[in-house]
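Analysis of the macromolecular model
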Amino acid sequence: MKLIKKILLALLVVFIIAQFFGPEKNEGDYASIEAFLAETKPSPEVKDILTETCFDCHSSVTRYPWYNSITPINYWLADHVDHGKGHFNVSKWNEYSIKKKDHKLDELIEMVEEKEMPLNSYTWTHSEANLSDDQIKAVIDWAKGVREGYVSQLSE
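Residues numbered from 1 in each chain as written. Predicted model: local features only at pLDDT ≥ 70, side-chain atom pairs only at ≥ 80, totals over all residues. Heavy atoms only, no water.

Glancing now at empty space enclosed by the protein. Inspection of every chain in the model, using the stated rule, returns one cavity of 30 Å³ or more. Taken as a whole, the largest cavity holds about 30 Å³ of empty space. Each residue belonging to the lining of the largest cavity can be placed in one class, and the counts come to three nonpolar, one polar and two charged. (1 Å grid on protein atoms, 1.4 Å probe; cavity = no way out; pocket = protein on both sides within 12 Å on 5 of 7 lines; lining within 4 Å. Points joined across faces, edges and corners; volume = space filled by probe spheres on them. Nonpolar A, V, L, I, M, F, W, Y, C, P; charged D, E, K, R; others polar.)

Here it is in structure tokens:
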């Protein structure tokens, strides 16, 4: 019994010390999203959907929940954000070529249609990110409309 108490105490000490360390936060400026919004012109409804379901992981601006202060959860969240930005980062929209923008929106359409995005692990704690069929349709219609513009630019 003494050994178990010592192990638990050691684990508690390690857990407490770990709280003083954490990954770098993704706390950019909302201005980094403006180029994406200006170019793609989402309706107010779609802009709200993107803000609530996409930008936390796919931009340089993340609204962190209270539990992000707990190690090791903060490392898990940081990994999700880094992974998301690696696939699609609206804060770097101006750096993408027209062809890449078209491809990224094609991927967005596919992921939203197949309900692979937003991730279940995100919607568990962000119930507002659970998209209704109407919201999914609005996002897909918007993305297809934007893609039409890119396709016409590519064919010129």
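Now that the structure is up, let's keep going.
Turning to the nonpolar core, a few remarks are in order. Core analysis: the largest hydrophobic core is formed by 26 residues, its most contacted members being Phe-36, Phe-55, Leu-105 and Trp-142. Once you skip the residues sitting within four places of it in the chain, Phe-36 turns out to touch Lys-41, Leu-50, Phe-55, Phe-88, Val-90, Trp-93 and Trp-142. (Core = buried A, V, L, I, M, F, W, Y, C linked by side-chain atoms within 4.5 Å. Buried < 20%, exposed > 50% of the residue type's maximum accessible area, 1.4 Å probe, protein only. Contact = heavy atoms within 4.5 Å.)

A few words now on the environment of Phe-36. By the element assignment, Phe-36 lies in helix 2 (residues 31-40). The sequence separation of Phe-36 and Ser-91 amounts to 55 residues, and the corresponding C-alpha distance is 7.2 Å. (Helix = DSSP H or I, 4+ residues; strand = E, 2+ residues; numbered from the N terminus.)

The next thing to look at is helix 8 (residues 133-155). Here helix 8 spans 32 Å end to end across 23 residues, near enough to the 33 Å set by a 1.5 Å rise per residue. Of the positions making up helix 8, those classed as buried are Ile-136, Ala-138, Val-139, Ile-140, Trp-142, Ala-143, Val-146 and Tyr-150. (Expected span 1.5 Å × (residues − 1).)

The subject of this paragraph is the layout of surface pockets. As a volume, the largest pocket reaches approximately 720 Å³. Along the wall of the largest pocket there are 34 residues; nearest its centre are Cys-57, His-58, Gly-84, Met-117 and Leu-119. Elements represented by at least two residues in the lining of the largest pocket include exactly helix 3 (44-53), helix 4 (55-58), helix 5 (73-87), helix 6 (98-113) and helix 7 (120-123). Residue classes in the lining of the largest pocket are distributed as 20 nonpolar, ten polar and four charged.

Turning to unusual backbone geometry, a few remarks are in order. A cis amide bond links Thr-71 to the next residue, Pro-72, at an omega of 20°. Within the secondary structure, Pro-72 sits in the loop between helix 4 and helix 5. Backbone torsion omega between Met-117 and Pro-118 reads -5°, so that peptide bond is classified as cis. Along the chain, Pro-118 turns up in the loop between helix 6 and helix 7. Even without being glycine, Lys-41 reaches a positive phi, approximately 45°. For Lys-41, the position within the fold is in the loop between helix 2 and helix 3.

Moving on, we get to the side chain of Lys-101. When you line up the elements, Lys-101 lands in helix 6. Residue classification places Lys-101 among the buried positions, given a relative accessible area of 5%. Non-local contacts of Lys-101, meaning those with residues more than four positions away in its chain, are made with Glu-39, Trp-93, Tyr-96 and Tyr-150.

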